[in-house]
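Commentary on secondary and tertiary structure
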Amino acid sequence: MEGTLLAVFVTSNPENRLFRKVLNKGNVFVFPFGLIHFQYNIGHTNAVAIAAASSQNESIISVANAVFGSNPPINPDFLARAFQLDKKDLQERFQLENKENEDVIKL
């Protein structure tokens with residue numbers, strides 16, 4: 001891996017707890033099987049990472065609850081960019097609050 005990535009995953013219902021870790025060159029991170037996850041380049045240069053899947057088995061997870069109900073919440077600015085929606089439109093559709101605290105992922 002090169003660069004700096006933010007690696008994030010959200011547990012399943014009922015908690016929908018958000019876990020995050022900043023990864024730098026030489027770090028390794030494993031996403032638990034079947035959970036919603038993403039990586040985001042938070043560095044000032046390009047980032048390169050190697051990813052591998054360990055299974056082709058399907059699983060079921062409630063994406064909406066995990067993404068929009070995570071604890072702490074995923075920053076609405078990031079969700080708006082990920083879903084290619086205006087932040088205000090996203091907040092109206094999903095009743096998201098823009099919490100300005102340290103628990104919200106800051107990008």
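Look above for the structure.
Criteria and cut-off values
- Residues numbered from 1 in each chain as written.
- Predicted model: local features only at pLDDT ≥ 70, side-chain atom pairs only at ≥ 80, totals over all residues.
- Heavy atoms only, no water.
- Helix = DSSP H or I, 4+ residues; strand = E, 2+ residues; numbered from the N terminus.
- Buried < 20%, exposed > 50% of the residue type's maximum accessible area, 1.4 Å probe, protein only.
- Contact = heavy atoms within 4.5 Å.
- Areas by Shrake-Rupley, 256 points an atom, 1.4 Å probe, with all protein chains shown as cover.
- Salt bridge = Lys/Arg side-chain N within 4 Å of Asp/Glu carboxyl O.
- Phe/Tyr/Trp six-rings, centres within 6.5 Å; stacked < 30°, edge-to-face > 60°.

Attention shifts here to the overall build of the protein chain. Of the regular secondary structure elements, the protein chain holds 3 helices and 3 strands. Moving toward the C terminus, one meets the helices and strands of the protein chain in the order β-β-β-α-α-α. Within the protein chain, the fraction of its 107 residues that count as buried is 26%. In the protein chain, once contacts between residues fewer than 6 apart in sequence are set aside, the share between residues at least 24 apart is 58%. Accessible surface computed for the protein chain: about 7,600 Å², of which carbon and sulfur atoms make up 49%.

Attention now moves to the environment of Thr-45. Within the secondary structure layout, Thr-45 lies in the loop between strand 3 (36-41) and helix 1 (63-68). Judged by its relative accessible area of 54%, Thr-45 falls in the exposed class. Sequence separation between Thr-45 and Glu-2 is 43 residues; the distance between their C-alpha atoms is 9.2 Å.

Further remarks concern unusual backbone geometry. The residue after Asn-71, namely Pro-72, is reached through a cis peptide bond having omega 0°. Considering the arrangement of structural elements, one finds Pro-72 in the loop between helix 1 and helix 2 (76-82). Despite not being glycine, Asn-16 has its phi angle at roughly 50°, a positive value. Mapping Asn-16 onto the fold places it in the loop between strand 1 (5-10) and strand 2 (18-23). On the accessibility criterion, Asn-16 (7% relative accessible area) is buried.

Under the definition given, this model contains 1 salt bridge. Lys-87 serves as the salt-bridge partner of Asp-77, at 3.0 Å between the closest nitrogen and oxygen. Highlighted residues: Asp-77 in helix 2 and Lys-87 in helix 3 (residues 87-94), separated in sequence by 10 residues. Given a relative accessible area of 36%, Asp-77 falls into the partly exposed group.

Our next topic: the packing of aromatic side chains. For the structure on display, the rule yields 6 aromatic pairs. Ring geometry for Phe-9 versus Phe-29: centroids 6.2 Å apart, planes at 45°, classification tilted. Separated by 20 residues along the polypeptide, Phe-9 in strand 1 and Phe-29 in the loop between strand 2 and strand 3 bring together distant segments of the chain. By relative accessible area, Phe-9 is classed as buried at 11%. The rings of Phe-9, Phe-19, Phe-29 and Phe-31 are connected pair by pair, giving a single aromatic cluster.

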